[in-house]
Amino acid sequence: MATAHTEDRAMVPADAQGKPFAVATTFYSTTDLVDAIRAVRKKGYRKLDAHTPFPVHGIDEAMGEKRSKLGYVIAACGIAGILVAQGLQYWTAAVDYPLIIGGKPFYAVEFSIPITFELMVLLASFAAVFGMLAFNGLPRFNHPVFNYSHYARATDDGFVLVVERDGNHFEPTAIVELLNELGGDNTEIVHEDA
Amino acid sequence: MAQHASHSAADSFRLSEGTFTKVKNILLAIGAIGWILLVVGFFVDHERFHHSYLLNSVYATTFAVGALFFVMIQHLSGATWSVVIRRISECLMMTLPLAFILFLPNMIGLHSLYEWTHHDVVASDPILSRKAGYLNEPFFIARTIFYFCVWMFFAFKLWGWSVAQDNDRNFSYTEKSKNLSAFGVLVLTATFGLASMDWVMSLMPHWFSTMFGVYMYAGCALSFTGLLILICLRFRANGILANAISEEHYHDLGKWLFAFNTFWAYCAFSQYMLIWYGNLTEETIFFRHRFQGSWEPVSHLLIIGHFFIPFGILIARWAKRHLMVLGVMSAWLLVMHYVDVYWLVMGSLYQDGVQLHWLDLAGLLAMVGSFGYVFWIRLAKQSIVPVGDLRFERSLNFHQA
């Protein structure tokens with residue numbers, strides 16, 4: 001079981017693996033997967049991940065996924081963009097270096113809106129993109145879950161459920177038993193890279 | 001997917017006889033009151049009748065145009081989520097022939113409405129005499145007929161295919177509708193832009209704005225979405241399509257409402273800011289009196305009530321999924337859209353200040369009754385959802401990603 005992944009990673013000696021990262025298993029239908037998620041959560045395991053070839057309805061709810069906090073980060077950055085744009089325009093044009101241009105006031109709400117809008121959108125989109133990456137722990141070059149020998153099936157016809165280590169207390173053999181009981185196929189203890 | 005299937009099996013896809021008659025009678029009563037008052041008003045105050053009538057016929061037409069736009073966009077994008085609400089939209093779209101008929105009374109009142117119909121004024125005004133080649137009565141009437149005929153062409157085509165598909169489930173209708181919509185949405189955008197310039201912008205014939213058509217078009221899409229949400233919510237309260245149209249669909253409708261309200265504000269501000277910045281007399285006249293006297297609070301109401309309040313509320317996900325909040329915002333935006341059209345039409349006709357008149361209300365009642373009646377009769381004639389659309393089952397089970 002532990003050497004199954006070494007074929008395609010020939011450079012790494014078979015025994016060079018880190019501590020157990022998770023237990024992974026494969027189901028062959030969405031209903032089996034969602035039922036298994038519910039059962040595993042009922043046993044108290046909270047750090048789960050499911051890998052499926054296509055979006056599965058109801059899976060977020062079964063996993064107890066909370067709404068992402070990203071929206072609040074984006075809103076905060078958007079508001080920051082508004083404040084920066086207004087402050088910048090007011091301070092440069094009306095305080096620090098006032099110039100009469102086209103007979104317009106030094107500062108007016110009317111002409112400050114486009115720049116305010118653009119900066120708001122800019123900072124909010126930065127927050128959305130980089131915040132999403134940060135919340136997902138990206139970018140990274142590899143992930144231990146790829147060490148699961150049947151992981152490729154998650155992009156084809158398999159529904160992979162991963163029960164990750166949560167803190168120091170981790171009894172992989174008990175989880176393997178549980179997942180096998182639930183009908184999981186190719187259940188494996190997945191290790192971190194050495 | 002599978003675990004959510006057939007949860008709407010309980011819904012009937014036809015209107016029941018009792019509901020149909022009850023609503024029909026209410027709409028007939030509203031329409032009758034409105035039309036009696038309108039006829040009285042026509043003889044009491046001929047001028048004001050035409051002013052109020054233009055306001056209300058334009059207001060009502062925006063919903064039909066918005067419906068045509070919505071149906072075309074759904075075909076064009078191949079949307080699945082909206083299939084369950086497409087038939088209701090199509091029935092609103094099919095009020096276009098009525099919109100055409102009810103627009104005709106404006107044609108006998110051109111002299112009361114448009115300064116450019118007064119030959120003595122035009123002759124002594126170099127700007128208006130230059131525009132006379134476009135702004136003259138025969139061409140104006142011909143254009144109005146042309147706009148409605150173009151819109152009705154698309155509406156009848158899309159409607160015919162959609163109903164035909166109910167019976168034979170032929171996928172080719174979906175393809176045909178998609179292809180026609182690609183062309184149609186361009187034509188609709190162009191013709192409605194011109195129509196709004198004719199009907200509303202030429203009330204101040206010296207003034208011009210290339211943004212004006214888009215501004216009113218945004219109002220069409222917005223007000224139609226608000227009306228569609230309210231109709232669906234009334235249906236839900238009475239157990240019609242209560243399971244078929246779920247929170248997931250309302251969430252997407254809420255997104256439309258939010259998006260087009262924001263787009264409306266975007267257009268409104270773009271128009272205003274360029275005029276403010278250019279500071280040219282012939283452009284600023286539109287806003288000058290609208291920021292004076294009793295028009296000033298109306299302008300402020302539009303900025304705050306039409307944009308900021310709905311924007312602040314509808315931006316939240318929970319608000320779009322909370323049917324009560326969504327319903328209140330939809331109704332509120334229908335009122336704000338009326339204020340907007342009032343501000344555009346009456347703001348040009350009564351530049352000294354707001355002058356409310358009972359005929360405004362009479363015209364509104366007549367339009368609500370007539371348009372509602374035609375919509376309702378149309379809806380009852382066949383199934384109230386496009387049962388023949390191959391995406392229908394998937395639309396019932398739609399979930400937000």
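As the structure is a prediction and not an experimental result, all values here were calculated from the model.

Peer 1: Which residues make up helix H3 (residues 70-96) of chain A, and what are the values?
Peer 2: Residues and elements named next belong to chain A. Compared with an ideal rise of 1.5 Å per residue, which puts 27 residues at 39 Å, H3 spans 36 Å between its outermost C-alpha atoms and is within 8% of the ideal. All buried positions along H3 are accounted for by Leu-70, Gly-78, Gly-81, Ala-85 and Gln-89. Check the buried side of H3 and you find it contacts helix H4 (109-135).

Peer 1: Lay out the side chain of Arg-86 of chain B in plain terms, naming residues and giving numbers.
Peer 2: Relative to the helices and strands, Arg-86 of chain B resides in helix H3 (residues 83-93). Here Arg-86 of chain B falls in the buried class, since its relative accessible area comes to 3%.

Peer 1: Please give an account of the confidence of the model for chain B that cites residues and values.
Peer 2: Residue and element names in this part refer to chain B. For chain B, mean pLDDT is 93; residues scoring 70 or higher make up 97% of the total. When mean pLDDT is compared element by element in chain B, helix H4 (residues 96-103) scores highest at 97, while helix H17 (residues 392-396) scores lowest at 87. Predicted confidence is poor over residues 1-9, with pLDDT under 50, and the contacts of this stretch with residues over four places away or in other chains come to 14 contacts.

Peer 1: Before we move on, can you summarise the interface of chain B and chain A with the specific residues and values?
Peer 2: On the chain A side, the residues contacting the twelve residues of chain B number nine residues. For the pairing of chain B and chain A, the buried interface totals around 1200 Å² over both sides, and the portion due to carbon and sulfur atoms is 70%. Along the contact surface separating chain B from chain A lie zero salt bridges. One can count three residue pairs in polar contact (both at pLDDT 80 or more) joining chain B with chain A. When grouped by side-chain class, the residues that make up the side of chain B that touches chain A number six nonpolar, five polar and one charged.

Peer 1: Lay out the sheet that holds strand E1 (residues 17-27) of chain A in plain terms, naming residues and giving numbers.
Peer 2: All names here are of chain A. Read across the sheet, four strands follow the order E2-E3-E1-E4 without closing on themselves; strand pairing throughout is antiparallel. At either end of the open sheet lies a strand with only one pairing partner, and these are strand E2 (48-51) and strand E4 (185-193). Direction aside, the axes of adjacent strands within the sheet are offset by 25° on average. Sheet topology note: the E1/strand E3 (residues 159-164) ladder contains six bridges and is antiparallel. Directly across from Ala-22, in E3, lies its bridge partner Glu-164. Across the sheet, helix H1 (residues 30-42) is in contact with E1, E2 and E3; its angle to E3 comes to roughly 15°.

Peer 1: Before we move on, can you summarise the domain arrangement of chain A with the specific residues and values?
Peer 2: By domain assignment, chain A separates into domain 1 (27-56 + 162-194) and domain 2 (70-135). The gap between the C-alpha centroids of domain 1 of chain A and domain 2 of chain A is 46 Å.

Peer 1: Summarise a nonpolar patch on the surface; cite the residues concerned and give the values.
Peer 2: The grouping of Val-109, Ile-113, Phe-117 and Val-121 of chain A together with Val-214, Phe-263 and Tyr-266 of chain B at the surface amounts to a nonpolar patch, some 550 Å² of accessible area in total. Taken together, the elements giving at least two residues each to the nonpolar patch come down to H4 of chain A together with helix H11 (247-278) of chain B. Within the fold, Val-109 of chain A resides in helix H4.

Peer 1: Which residues make up helix H12 (residues 281-288) of chain B, and what are the values?
Peer 2: All names here are of chain B. All of the buried residues in H12 are Glu-283, Phe-286 and Phe-287. Taken end-on, H12 shows its buried residues confined to a sector of 90°, consistent with a single buried face. Those residues of H12 that are exposed and angled more than 90 degrees off the buried face are Thr-281 and Arg-288.

Peer 1: Any details on the pattern of salt bridges? Residues and values, ideally.
Peer 2: Residues and elements named next belong to chain B. As enumerated under the stated definition, the model contains 14 salt bridges over all chains in all. The closest approach of N and O atoms between Lys-178 and Glu-175, which form a salt bridge, is 3.4 Å. Separated by three residues within a single helix, Lys-178 and Glu-175 lie in helix H9 (residues 172-199), roughly one turn from each other. Its relative accessible area of 32% is what places Lys-178 among the partly exposed residues. On the basis of relative accessible area, Glu-175 is assigned to the partly exposed category, the value being 31%. Its salt-bridge partner being Asp-252, residue Lys-255 comes within 2.9 Å of it at the nearest N-O pair.

Peer 1: Just give me the short version of the packing of aromatic side chains, but keep the residues and values in it.
Peer 2: Residue and element names in this part refer to chain B. Enumeration according to the criterion identifies 57 aromatic pairs over all chains in this entry. The interplanar angle of 50° and the centroid separation of 5.1 Å between the aromatic rings of Phe-70 and Phe-224 together place this pair among those described as tilted. Separated by 154 residues along the polypeptide, Phe-70 in helix H2 (residues 46-77) and Phe-224 in helix H10 (residues 212-237) bring together distant segments of the chain. Note on Phe-224: relative accessible area 0%, which makes it buried. Between Trp-151 and Trp-199 the ring centres are 6.1 Å apart and the planes differ by 85°, which places this aromatic pair in the edge-to-face class. With Trp-151 in helix H8 (residues 137-168) and Trp-199 in helix H9, the pair connects residues that are 48 residues apart, well separated along the chain. For Trp-199, a relative accessible area of 2% gives the class buried. The cationic tip of Arg-143 hangs over the ring face of Phe-139; the distance from NZ or CZ to the ring centre is 4.5 Å.

Reading the values: the criteria
- Residues numbered from 1 in each chain as written.
- Chains lettered and ligands numbered in written order.
- Predicted model: local features only at pLDDT ≥ 70, side-chain atom pairs only at ≥ 80, totals over all residues.
- Heavy atoms only, no water.
- Helix = DSSP H or I, 4+ residues; strand = E, 2+ residues; numbered from the N terminus.
- Expected span 1.5 Å × (residues − 1).
- Buried < 20%, exposed > 50% of the residue type's maximum accessible area, 1.4 Å probe, protein only.
- Contact = heavy atoms within 4.5 Å.
- pLDDT = per-residue confidence, 0-100.
- Buried area = accessible area lost by both parts, 1.4 Å probe.
- Salt bridge = Lys/Arg side-chain N within 4 Å of Asp/Glu carboxyl O.
- Polar contact = N/O pair within 3.5 Å; in protein donor to acceptor, adjacent residues only side chain to side chain.
- Nonpolar A, V, L, I, M, F, W, Y, C, P; charged D, E, K, R; others polar.
- Pairing = 2+ DSSP bridges.
- Axes fitted to C-alpha atoms, helices over the stretch in contact; angles between N-to-C directions.
- Domains from an automatic or database assignment.
- Patch = residues over 30% accessible without salt bridge, like charges linked within 9 Å, V, L, I, M, F, W, Y side chains within 5 Å.
- Areas by Shrake-Rupley, 256 points an atom, 1.4 Å probe, with all protein chains shown as cover.
- Arc of directions from axis to C-beta.
- Phe/Tyr/Trp six-rings, centres within 6.5 Å; stacked < 30°, edge-to-face > 60°.
- Lys NZ or Arg CZ within 6 Å of the ring centre and 35° of its normal.

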